[in-house]
Amino acid sequence: MKYLRLVLLSLIFLSSSLVWAGRVLPNDIHIVVLKQAEGQQVVLGTAKKAWLRTLSLGLVKGNKTFQLSRGVRIHDTNNRFVTYNNLYKFKSATIAVRVDRANQIQEIWVLTDEEQDALVRPNNPQVE
């Protein structure tokens, strides 16, 4: 009886831990594309087609360089934490960033395909 109770409790615990892995993105994020990551600096571009880039035949890219804050948190597509040294692996990926008052990046989420479809819309803010 003791072992049956232990097995039952462990099954409940393991099945409920899968629910904890859900990921909620805050409202104050900006959707961008990671163009380059080198050390504590990242280059970000717009996630949607910009009319200026189209008119200039790709000469004006609209990329901006940002500094990562000291306590930056980076979440990959599986919501695991990644160090900023591994950001180069997500080059050309669509990401969501949260910027603090000093214009440094506080938090980064690498978006899944479903999140990209839901978030990359004309009315969502881009980093400007």
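Heads up: the structure comes first, above all this text.
So, here's what we can say about the structure. This one's a predicted model, so the numbers in the text were calculated from it and none came from an experiment.

## Observations regarding the side chain of S69
Inspection of the secondary structure assignment puts S69 in strand β3 (residues 64–75). Given a relative accessible area of 10%, S69 falls into the buried group. With residues near it in sequence (within four places) discarded, S69 still touches Q40, D100, Q104, I105 and Q106.

## Observations concerning the pattern of salt bridges
Under the definition given, this model contains four salt bridges. Among the ionic pairs, R98 bridges to D28, the shortest N-O distance being 3.8 Å. You can see R98 sitting in strand β5 (residues 94–99) and its partner D28 sitting in the loop between α1 (2–17) and β1 (30–38), a full 70 residues away along the chain. You can call D28 partly exposed: its relative accessible area is 44%. In this structure, R80 engages D76 in a salt bridge whose closest nitrogen and oxygen atoms are separated by 2.9 Å. By relative accessible area, which is 7% here, D76 ends up buried. Salt bridges sharing common partners tie together D28, R73, R98 and E107.

Parameters at a glance
- Residues numbered from 1 in each chain as written.
- Predicted model: local features only at pLDDT ≥ 70, side-chain atom pairs only at ≥ 80, totals over all residues.
- Heavy atoms only, no water.
- Helix = DSSP H or I, 4+ residues; strand = E, 2+ residues; numbered from the N terminus.
- Buried < 20%, exposed > 50% of the residue type's maximum accessible area, 1.4 Å probe, protein only.
- Contact = heavy atoms within 4.5 Å.
- Salt bridge = Lys/Arg side-chain N within 4 Å of Asp/Glu carboxyl O.

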